[in-house]
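# Per-entry structural report
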Amino acid sequence: MKLLFINGVNLNMTGVREKGVYGTQTLDEINKEIASHFKGDKCEFFQSNIEGEICTALQKADCDGIVLNAGAFTHYSYAIRDAIASIKIPVIEVHMSNVHAREEFRHKSVISGVCKGVICGFGKNSYILAGESFKL
Ligand code: DQA
């Protein structure tokens, strides 16, 4: 199975920013753990702070499932929502933190409605749980 893990804005700062919320591991370290968990599968990783680059990555994706942590784009990016809606590959929205236990602006996602499902609150394991769900 081919899986694509996309991280959006500020996720490149994981391990540096708000360690109490997102942990101390860098995104690179987390991605290595994900790749070793899915060692029988092909994993690709992409991160960008630029909204349009996330849309292009979604449009160009060639895989069985996409795990997307859009970061703060989740809460307001209609462009990413439309990009998800325009492709046939299923997308699972993930968040490391439990966004519903945080500030009110994080309770709203404009992308959930076009995603196959949503997983949040399990730290780096949110990515693994989402990837595993494609195998069910
Ligand atoms: C996040 C939650 C978002 O609200 C936030 O803007 C992020 C990270 C998470 O993984 O918990 O950047 O998507």
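Per the stated rule, a full pass over the model turns up zero disulfides. The closest cysteine sulfur to the non-disulfide-bonded cysteine 43 is located on cysteine 63, 10 Å from its own sulfur. Since its relative accessible area comes to 18%, cysteine 43 is described here as buried. Note on cysteine 120: no disulfide assigned, nearest cysteine sulfur contributed by cysteine 115 at a separation of 13 Å.

Tracing the sequence through the fold places glycine 113 in the loop between strand E4 (91-95) and strand E5 (117-120). The class for glycine 113 is exposed, based on a relative accessible area of 64%.

Here the focus is the site of the ligand. Taken together, the residues surrounding the ligand are Arg17, Tyr22, Asn69, Gly71, Ala72, His75, His95, Met96, Ser97, Val99 and Arg106. Contacts to the ligand include histidine 95, whose side-chain N or O atom sits 2.8 Å from an oxygen atom. Note that an oxygen atom of the ligand is positioned 2.8 Å from one of the backbone N or O atoms of methionine 96. Protein burial of the ligand: of its 320 Å² of free accessible surface, 98% is covered by the chains. With respect to the pocket detection grid, the ligand is positioned in the largest pocket.

Time to look at the pairing of strand E3 (residues 65-71). In terms of residue burial, E3 counts as a mostly covered element, since seven of its seven residues are buried. Burial along E3 is two-sided: the residues Gly65, Val67, Asn69 and Gly71 and Ile66, Leu68 and Ala70 are all buried. Inspection of the sheet shows strand E1 (residues 2-9) paired to E3 by six bridges, in the parallel sense. In the strand pairing of E3, leucine 3 is matched with glycine 65. Across three bridges, the pairing between E3 and E4 is parallel. Counted as the bridge partner of valine 67 is isoleucine 92 from E4. Once the chain exits E3 it traverses helix H4 (residues 78-85) before rejoining the sheet at E4, and the crossover so formed is right-handed.

Conventions used here
Residues numbered from 1 in each chain as written. Predicted model: local features only at pLDDT ≥ 70, side-chain atom pairs only at ≥ 80, totals over all residues. Heavy atoms only, no water. Disulfide = S-S within 2.5 Å. Buried < 20%, exposed > 50% of the residue type's maximum accessible area, 1.4 Å probe, protein only. Helix = DSSP H or I, 4+ residues; strand = E, 2+ residues; numbered from the N terminus. Near = heavy atom within 4 Å. Polar contact = N/O pair within 3.5 Å; in protein donor to acceptor, adjacent residues only side chain to side chain. Areas by Shrake-Rupley, 256 points an atom, 1.4 Å probe, with all protein chains shown as cover. 1 Å grid on protein atoms, 1.4 Å probe; cavity = no way out; pocket = protein on both sides within 12 Å on 5 of 7 lines; lining within 4 Å. Sits in = over half its atoms within 2 Å of the grid points. Pairing = 2+ DSSP bridges. Right-handed = clockwise from strand over helix to strand, strands pointing away.

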